[in-house]
Amino acid sequence: MEILQLKDVSLTLNESRILRKLNITFWQGYVHAVSGPNGAGKSTMAATIMGLEGYRDIQGSIIYRGRNINKLAVDERARHGITMAWQDPARYEGLSVRDFLMASSKNKDPEVINNTLAGLSMNPAQYLDRALDKTLSGGERKKIELASIIVNEADLVLLDEPDSGIDVESLERIFDAIDLLKKRGTTVILITHSLAVLERADHAFLLCHGEIIDKGDKAKIMKYFQDKCIPCGHKNIPDEWEPVIGK
Amino acid sequence: MENKSALIDELLEASRIHKAVHSDPGVAYLVVHHNEVIGLRGLPGILVEPRQTKDGVGIRFTVKAGVQIEKPVYLCFGMMSDRGKQHIDMDVHIEEKARVNLYAHCTFPNSSNILHTMDAAVHIGPHAHYSYYERHIHGENGGIEVVPKAKVTVEEGAYFKTEFELLKGRVGSIDIDYDCLCKANSILEMIARISGRGADIVKIRESGHLAGDHSRGVLTTKIALRDSASAEVYNTLTASAPYARGHVDCKEIVQDGARAKAVPVIEVNHPKAHITHEAALGSVDSKQLQTLMSRGLSEEQGVELIIQGLLR
């Protein structure tokens, strides 16, 4: 069953067209990867789905569970079951990890929060009372961001570059978290240009220059990415070139 | 006697320290209502010498050399009436190697026209430790002008920390002026956390002079303003000795028609001294807010959580 559709979605930022009549459908309960080179529009697509400030003036439609959500604000989309993990999570002066996770949590259950952190190899006793600020490493903030997604229990989760800034051991915990979300029936959209992350998906899309240029089985997309995208000499500079597909 | 006892309880309750004071006979305290000392419990090693003045009290507060007071000492100043003046003269001596944490709760819960002023001279002896936590409780309409001034000397190896926080009610008008001289190997921490609304006016002048080798100082101000409140923060930190280290940090969140100004002044007069500063004024950080909103919090809830964190 479809959970989310983008229909002819276009977005212009700073006079550059970043998304170009994007048509993409996500299926409930699946782990989808949206892959593509840097500058293709992947993170922009995620921000547009979430309705972040600056990303709402779109053409086209975003249909979530059969309803057009174009006019819904970020928090309204969140309360309808969509949430997002940032590539570079925010830092907060004075706000503790505990308070952040409680605020993010659907059930406000401290035990669930403890178990979620432990599942990400983070000792709750060491982290809960720490401030979510620059004293935490990028990898720690990333895992806390992921913990906040898990306790949020959303129906659709956008993970923007979940592996950036993460060490190898932590990456395995991230993958465990993706598996957990999938087991729950959560729809996961992985924004990634990493083959290791793409490998975790059930289904994949390839985005280039603001458009979907291929979709399907992850192995097919991985092969296309390796054979064509990596050696491709172009850069994703919006409006300045036409994509070279199939060459 | 009964009336006085009831007044003590009322003031302590309003100050939120009733339980702390009454449940533990090992806790020292002083309660001043307007210009009258109405409650006092001392401890060995602490000398509290109050004297009544026309509009308040003068207090000489001494902790004898080597005395380590583990539990908080509470000073409760306040007025339950809605108008009047209260002036406090504090003469504080923390002698060599003494240690005390002083909690000054200044309570004016019904304020509509009150002036509360304080002049403090503080001397912290060598290797002594003195923390002063000033907590204010005001009426919901403000109606109060608070003017605390302090001159502090921190001797060699000593530690001084002061924190100012408004626990309840509106600021009204507050004009803080603290000046601190730090000698060799001493440590200074000055922290102010204030939330202003309505037509509240906040002025903070905090100065630290790192005059001794290896002295260290941090001045931190965190303010959240909304409606038509205003704040001016002048933090000055000077370092004129080798290996003196300092940092000035001012963060202000401004909403509605509120106005904020921060002027950090950093002065380094020795090539081996080092001071840093940061100031961030403006609206709530968009990424912080949108992250919280993407978890389902409303904008108001997100802003409130961010401000709570800032003021912590």
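Quantities reported herein were computed from a predicted structural model and do not represent experimental measurements.

Cut-off values and rules
Residues numbered from 1 in each chain as written. Chains lettered and ligands numbered in written order. Predicted model: local features only at pLDDT ≥ 70, side-chain atom pairs only at ≥ 80, totals over all residues. Heavy atoms only, no water. Helix = DSSP H or I, 4+ residues; strand = E, 2+ residues; numbered from the N terminus. Rg over C-alpha atoms; globule rule 2.2 N^0.38 Å. Buried < 20%, exposed > 50% of the residue type's maximum accessible area, 1.4 Å probe, protein only. Contact = heavy atoms within 4.5 Å. Areas by Shrake-Rupley, 256 points an atom, 1.4 Å probe, with all protein chains shown as cover. Lys, Arg positive; Asp, Glu negative; His and termini not counted. Charge placed at Lys NZ, Arg CZ, Asp CG, Glu CD. Salt bridge = Lys/Arg side-chain N within 4 Å of Asp/Glu carboxyl O. Axes fitted to C-alpha atoms, helices over the stretch in contact; angles between N-to-C directions. Parallel < 35°, antiparallel > 145°, perpendicular 65-115°, else oblique. Left-handed = near helix turned anticlockwise from the far one by under 90°. Nonpolar A, V, L, I, M, F, W, Y, C, P; charged D, E, K, R; others polar. Buried area = accessible area lost by both parts, 1.4 Å probe. Polar contact = N/O pair within 3.5 Å; in protein donor to acceptor, adjacent residues only side chain to side chain. pLDDT = per-residue confidence, 0-100. Pairing = 2+ DSSP bridges.

Q: Where do I start with the overall build of chain A in this structure?
A: The helix and strand inventory of chain A stands at nine helices and ten strands. Taking 247 residues into account, the globule formula puts the C-alpha radius of gyration at 18 Å, and chain A, at 18 Å, falls close to it. C-alpha extents for chain A along the principal axes are approximately 55 × 40 × 35 Å. Within chain A, buried positions represent 53% of all 247 residues. Within chain A, residue pairs in contact and separated by at least 24 positions form 67% of the contacts whose partners lie at least 6 positions apart. Accessible surface computed for chain A: about 10,900 Å², of which carbon and sulfur atoms make up 47%. With 32 positive and 35 negative side-chain charges, chain A shows a spacing of 3 Å between the two charge centroids.

Q: Mind showing me how you'd approach the overall build of chain B here?
A: The secondary structure content of chain B amounts to four helices and 19 strands. If one aligns the C-alpha atoms of chain B with their principal axes, the spans along those axes are about 55 × 50 × 35 Å. Going through the 312 residues of chain B one by one, you find that 53% of them count as buried. The long-range fraction of contacts in chain B, counting pairs at least 24 apart against all pairs at least 6 apart in sequence, stands at 78%. Carbon and sulfur atoms provide 48% of the accessible area of chain B, an area that totals close to 12,700 Å². The centroid of the 35 positive side-chain charges in chain B is displaced by 2 Å from the centroid of its 40 negative side-chain charges.

Q: Looking at this structure, I do not really get the environment of Ala65(B). What am I missing?
A: Residues and elements named next belong to chain B. Here alanine 65 shows up in the loop between strand 4 (56-63) and strand 5 (73-78). Taking C-alpha positions, alanine 65 is 4.8 Å from glutamate 96, a pair spaced 31 residues apart along the chain. Leaving out residues up to four positions away in the same chain, alanine 65 has contacts with Glu95 and Glu96.

Q: Would you explain the pattern of salt bridges in this entry?
A: When their charged atoms lie close together, side chains carrying opposite charge are able to pair. Under the criterion given, the structure shown has 30 salt bridges over all chains. When the shortest N-O distance is used, the salt bridge between Asp88(A) and Arg141(A) registers 3.6 Å. Of this pair, Asp88(A) sits in the loop between strand 6 (82-85) and helix 3 (97-104) while Arg141(A) sits in helix 6 (residues 138-152), and the two are 53 residues apart along the sequence. Within this structure, Glu93(A), Lys134(A), Lys222(B), Asp249(B), Lys251(B) and Glu278(B) form a network of salt bridges that share partners.

Q: How should I be thinking about the packing of helix 4 (residues 110-119) of chain A against helix 6 of chain A in this particular structure?
A: Two quantities define a packed helix pair, namely the angle between the helix axes and the distance between the axes. Residue and element names in this part refer to chain A. Between helix 4 and helix 6, whose axes approach to 10 Å, the crossing angle comes to 135 degrees. Put simply, helix 4 runs oblique to helix 6. As helix 4 runs across helix 6, the sense of the crossing is right-handed. Taking contact as the criterion, the partners of Val112, Ile113, Thr116 and Leu117 in helix 4 are, on helix 6, Ala147, Ile150 and Val151. Tallied by class, the residues present in the contact of helix 4 with helix 6 amount to six nonpolar, one polar and no charged.

Q: Explain the interface of chain A and chain B to me, please; I cannot follow it from the model alone.
A: Interface size, as often reported, equals the accessible area lost upon joining of the parts. Taken residue by residue, the interface counts 30 residues in chain A and 22 residues in chain B. Taking both partners together, chain A and chain B bury about 2,000 Å²; carbon and sulfur atoms supply 52% of that area. Summed over the three residues of chain A that lose the most area to chain B, namely Trp86(A), Tyr92(A) and Glu93(A), the buried surface amounts to 29% of that side. Between the two partners, chain A and chain B, sit five salt bridges. Glu93(A) serves as the salt-bridge partner of Lys251(B), at 3.3 Å between the closest nitrogen and oxygen. At the junction of chain A with chain B, the criterion picks out 14 residue pairs in polar contact (both at pLDDT 80 or more). Every element with two or more residues in the side of chain A that touches chain B is listed here: helix 2 (74-79), strand 6, helix 3 and helix 6 of chain A. Tallied by class, the residues present in the side of chain A that touches chain B amount to 15 nonpolar, six polar and nine charged.

Q: What is the right way to read the confidence of the model for chain A from this model?
A: Caution applies to low-pLDDT parts of the model: their predicted coordinates are not meant to be read in detail. Per-residue confidence for chain A gives a mean pLDDT of 89; residues scoring 70 or more make up 94%. With pLDDT under 50 throughout, residues 238-247 of chain A is counted as low confidence; its partners more than four residues away or in other chains account for 22 contacts.

Q: Help me understand the sheet that holds strand 3 (residues 31-35) of chain A, please; the structure alone is not making it clear to me.
A: The strands making up a sheet associate through hydrogen bonds between their backbones, and the pairing can be parallel or antiparallel. Residues and elements named next belong to chain A. Reading across the sheet, the six strands line up as 6-7-8-3-9-10 and stay open at both edges, with mixed pairing between neighbours. Bordering the open sheet on either side are strand 6 and strand 10 (211-216), each of which pairs with just one other strand. Taken pair by pair, the neighbouring strands of this sheet meet at an average axis angle of 20 degrees, ignoring direction. Relative to strand 7 (residues 156-160), strand 6 runs parallel, the two sharing four bridges. By the bridge assignment, alanine 85 is partnered in strand 7 with leucine 159.

Q: For this particular structure, what's the right way to read the side chain of Ser148(A)?
A: Looking at where Ser148(A) falls in the secondary structure, it is placed in helix 6. Judged by its relative accessible area of 0%, Ser148(A) is buried. A polar contact is formed between the side chain of Ser148(A) and the backbone oxygen of Glu145(A), at a distance of 2.6 Å. A distance of 3.1 Å separates the side chain of Ser148(A) from the side chain of Arg295(B), its partner in a polar contact. Excluding its chain neighbours within four sequence positions, the residues that come into contact with Ser148(A) are Phe100(A), Leu101(A), Ser104(A) and Arg295(B).

Q: Teacher, can you tell me more about unusual backbone geometry here?
A: Trans is the prevailing form of peptide bonds, just as negative phi is the prevailing case for residues other than glycine. A positive phi is found at Glu161(A), a non-glycine position, where the angle reads about 45 degrees. Checked against the element boundaries, Glu161(A) lands in the loop between strand 7 and helix 7 (168-184). Take Glu161(A): its relative accessible area is 6%, and that puts it in the buried class. In this structure, His34(B) is a non-glycine residue whose phi angle is positive, near 55 degrees. Relative to the helices and strands, His34(B) resides in the loop between strand 1 (29-33) and strand 2 (36-41). His34(B) gets classed as partly exposed once you look at its relative accessible area, which sits at 26%.

Q: Looking at this structure, I do not really get the packing of helix 6 of chain A against helix 7 of chain A. What am I missing?
A: Residue and element names in this part refer to chain A. Where helix 6 meets helix 7, the axes come as close as 11 Å, and the angle between the chain directions of the two elements is 10 degrees. Judged by the inter-axis angle, helix 6 sits roughly parallel to helix 7. Across the interface between the two elements, Lys143, Leu146 and Ile150 of helix 6 pack against Ser170, Ile174, Ala177, Leu180, Leu181 and Arg184 of helix 7. Across the contact of helix 6 with helix 7, the residue classes tally to six nonpolar, one polar and two charged.

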